[in-house]
Amino acid sequence: MALARTYSVALIGITGHVVEVEADIANGLPAMIMVGLPDTALREARDRIRAAIVNSGEEWPQRKITVGLSPASLPKRGSWFDLAIAIGILAAAGQVPRAALDGVMFFGELGLDGRLRPVRGVLPAVAAAVERGFRRVIVAEANAAEAALVPDVRVVAASTLAAALDWLCGTPGLRGGRPAAECKGSQDVLGEILPDGPVTATTPQTPDLAELLGQSLARRGAEVCAAGGHHLSLLGPPGAGKTMLAERIPTILPRLDTAAALEVTSIHSVAGTLPEQVPLLTEPPFLAPHHTATKAAIVGGGSGIIRPGSASLAHRGVLFLDEAPEFARDVLDALRQPLEAGEVVVARSGVTARFPARFTLILAANPCPCARAAGPAEGCSCSPTMRRRYLGRISGPLLDRVDVKIELEPVGRTELLNDRNFAESSRTVALRVLQARERAAHRLRGTPWRLNAEVPGSELRRTWPPAPGALRVVERSLERGQISARGVVKVIRVAWTVADLAGRPRPTRDDCDMALGLWLGVRR
Amino acid sequence: MRAKDILGKSGEQAAAEYLEASGLRILDRNWRCADGEIDIVAVERHALVVCEVKSRSGMRYGSPLEAVSRAKRARLRRLAVQWLNAHGVRFDQVRIDVVGLVYEGTGGFTIEHIRGVG
């Protein structure tokens, strides 16, 4: 009888799948039946949509309404489909011309009063819609700026169901309220958001690397990590500046390029952590989860809607684990897979979600549980066994993936004063980091990698070996058993970053020795 | 008689006339037993039709058709069986229908007849 189709998107992880919403109105007692694996929130849509339609001044069809969401095997969750279902029902009832629905996607939750509310994950959903050939999307006003980031799509921002209907029927303002408006294209939006200079702009309020006085080695280590994407571990007594250093690493990271910014924004959009009025995240994210965080909070998960965890939210940015030994061991070990693969795979019955998770890991730890400064004079009462056990909570395989290890010493007064003249500002270091990254990207052009840390060992040794003889000290360490064969590869990787920072065409012996020092760092 | 009962009575009368006009033969009206009451029992070809009549004075509280709940339909099915047993007859098909009436003033009703509601 009366049938209409609308389209929306179901998100699994940050991958969008187009969902066809069919509304059928048949003779029978008034009822609304929803089929196609809806969850509770979606089942509740029945009452929400009815109230929204009636309160928008439209007529609720007093017939038997069947709403089917296909593919039926795909789990569909949340209030996401409200608008698509409401429009589908009204189109089936003949209140909206069916031709107006061609190539239009609908995203939005309806309030009982017919208001269109924003939903999470609009950016990846619109991207999926465009990929499948849809060229128009109707979203809530609060989602419009985010949706408009996707190229080649006309975004219509509607404040209410009535406004959306008016737009579809071509009768703006007929049903009252603010008429729906089309947003400007993505090119204009991206142009406004992404400034020309790729270096992070530092305002006086933002922290600066120069504030970390007396820790020149630590600052150097941070620079190397930022330039090469290497993971970093910081060991030192409280007050030495571990947290301070970690917090300043984002200030020396280059801004995200457009592709990375869209990727990062997609993840944060799904997580619902996008700040308001900021449709596109252009600065590398910095995530510092508390050490009581669960595995699901770190790698992602949750029953029902699978949310990205800190590891994914830190994609293309920094994941900082302060007091790393205090984290549950299984939480730390869960990070091994994303560290290796650059993505998190969360499997649940029915669905498997993938989230990108290519982050720079920074671990910070006290040298011992009593957390007093080390050395007999400073009053640490921990036995060597206790210390070993404490740091042993960070498992070997995890620590093995950390390329740069730095031990921070408490800073004395003279060092503080002396360093005042040498400490470089974040701006200076960021410029060097950017140049080093560009050098690496240029060298790695034509490969899937962009950072030195991403290059696989075999490829590294074959295609990009250091200068002849440069590895002499490293090889001696290998013979002495100080470093494993895998360690050598890691040292070469860091050596390349050191060379990139110095602007040398390939790592010299000094670069390799520097890298070896950073790799050995803390001896356990 | 109270206003709602007058509305109900005249609604049932209008429904019966409407059903007869559409070709149903009415066998029984307001048949009662311990479990409840069937408003109209009728025959259409080989089917026994147990018909519930709902009348409303307006749409303020929703359509009369909406007032026929799942529980009400289940009771109508039980009543149909009891009616058949009480009269000792058998039919090929038994159907539950609903007639919804909305009072439009000056004695007229808007009538909707839904066949086979379960």
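Residues numbered from 1 in each chain as written. Chains lettered and ligands numbered in written order. Predicted model: local features only at pLDDT ≥ 70, side-chain atom pairs only at ≥ 80, totals over all residues.

Draft legend 1. Seen up close, the overall build of chain A. When helices and strands are counted, chain A shows 22 helices and 17 strands. A principal-axis box enclosing the C-alpha atoms of chain A has dimensions of 85 × 45 × 45 Å. The buried share of chain A, reckoned over its 524 residues, is 49%. Partitioning the contacts of chain A with sequence separation of at least 6, the portion at a separation of at least 24 is 74%. (Helix = DSSP H or I, 4+ residues; strand = E, 2+ residues; numbered from the N terminus. Buried ≥ 20, exposed ≤ 12 C-beta atoms within 10 Å, placed from the backbone. Contact = placed C-beta atoms within 7 Å.)

Draft legend 2. Quick peek at the sheet that holds strand S13 (residues 318–321) of chain A. All names here are of chain A. Read from one edge to the other, the open sheet built from five strands follows the order S12-S13-S16-S11-S17, with strand pairing classed as parallel. Because the sheet does not close on itself, it has two edges, and the strands there are strand S12 (286–287) and strand S17 (404–407). Note: strand S11 (residues 232–235) against strand S16 (residues 360–365), four bridges, orientation parallel. By the bridge assignment for S16, Ser233 is matched with Leu363. The strands touched by helix H8 (residues 216–228) are S11, S16 and S17; relative to S17, the strand with the most contacts, the crossing angle is about 165°. (Pairing = 2+ DSSP bridges. Axes fitted to C-alpha atoms, helices over the stretch in contact; angles between N-to-C directions.)

Draft legend 3. How the structure looks around unusual backbone geometry. Omega for the peptide link from Ser70 of chain A to Pro71 of chain A comes to 0°, which places this bond in the cis form. For Pro71 of chain A, the position within the fold is in the loop between strand S4 (64–70) and helix H3 (82–92). Residue Asp152 of chain A is not a glycine yet carries a positive backbone phi of 60°. By secondary structure assignment, the location of Asp152 of chain A is in the loop between helix H5 (141–147) and strand S9 (154–158). Unusually for a residue other than glycine, Asn30 of chain B sits at a positive phi of about 50°. Within the secondary structure, Asn30 of chain B is located in strand S1 (residues 25–33).

Draft legend 4. Region of the structure containing helix H2 (residues 45–55) of chain A. All names here are of chain A. Within the sequence span of H2, burial applies to Ala45, Ile49, Ala52 and Ile53. End-on view of H2: buried residues confined to an arc of 95°, all on one side of the axis. The inward-facing, buried residues of H2 abut helix H1 (40–43), H3, strand S6 (109–110) and helix H6 (161–169). Backbone geometry just downstream of H2 places Gly57 in the positive-phi region, at approximately 85°. (Arc of directions from axis to C-beta.)

Draft legend 5. Local environment of helix H18 (residues 426–443) of chain A. Residues and elements named next belong to chain A. Between the first and last C-alpha of H18 there are 25 Å, a value that for 18 residues agrees with the 26 Å anticipated at 1.5 Å per step. All of the buried residues along H18 are Ser426, Val429, Ala430, Val433, Leu434, Ala436, Arg437, Arg439 and Ala440. Buried-residue contacts for H18 involve H8, helix H9 (242–248) and helix H21 (485–502). (Expected span 1.5 Å × (residues − 1).)

Draft legend 6. Representation of the sheet that holds strand S5 (residues 109–114) of chain B. Residue and element names in this part refer to chain B. Strand order in the open sheet formed by five strands is S1-S2-S3-S4-S5, and the pairing between neighbours is mixed. Looking at strand neighbours, the two that pair on one side only are S1 and S5, the edges of this open sheet. Sheet twist, expressed as the average angle between the axes of neighbouring strands with direction ignored, equals 25°. Looking at chain direction, strand S2 (residues 36–44) and strand S3 (residues 47–56) are connected through five bridges and run antiparallel. What sits directly across from Ala42, in S3, is Val49.

Draft legend 7. Looking closely at the environment of Ile362 of chain A. All names here are of chain A. With respect to the helices and strands, the residue Ile362 is situated in strand S16. Along the chain, Ile362 and Ala259 lie 103 residues apart, while their C-alpha atoms are 24 Å from each other. In this view, Ile362 contacts Leu232, Leu234, Ala246, Ile249, Val318 and Phe320; residues no more than four positions away in its chain are not counted.

Draft legend 8. Local environment of the interface of chain A and chain B. Counting from both sides, the interface comprises five residues of chain A and, opposite them, seven residues of chain B. Broken down by class, the residue content of the side of chain A that touches chain B amounts to two nonpolar, three polar and no charged. (Nonpolar A, V, L, I, M, F, W, Y, C, P; charged D, E, K, R; others polar.)

Draft legend 9. Local environment of the environment of Leu123 of chain A. Residues and elements named next belong to chain A. Mapped onto the fold, Leu123 is located in helix H4 (residues 122–131). Between the alpha carbons of Leu123 and Ala157 there is a distance of 14 Å; along the sequence they are 34 residues apart. Residue contacts for Leu123: discarding those within four places in its chain leaves Glu146, Ala147, Leu149, Val150, Thr265, Ser266 and Ser269.

Draft legend 10. The arrangement of the packing of H21 of chain A against helix H22 (residues 509–520) of chain A in detail. Residues and elements named next belong to chain A. Two elements in contact, H21 and H22, have axes whose closest approach is 8 Å; the angle formed by their N-to-C orientations is 120°. The pairing of H21 with H22 is recorded here as oblique in orientation. In terms of crossing hand, the pair formed by H21 and H22 is right-handed. Contacts between H21 and H22 involve Gly487, Lys490, Val491, Val494, Ala495, Val498 and Ala499 on the former and, on the latter, Asp511, Cys512, Met514, Ala515, Leu516, Leu518 and Trp519. Looking at the contact of H21 with H22 residue by residue, the class counts come to 11 nonpolar, one polar and two charged. (Parallel < 35°, antiparallel > 145°, perpendicular 65-115°, else oblique. Left-handed = near helix turned anticlockwise from the far one by under 90°.)

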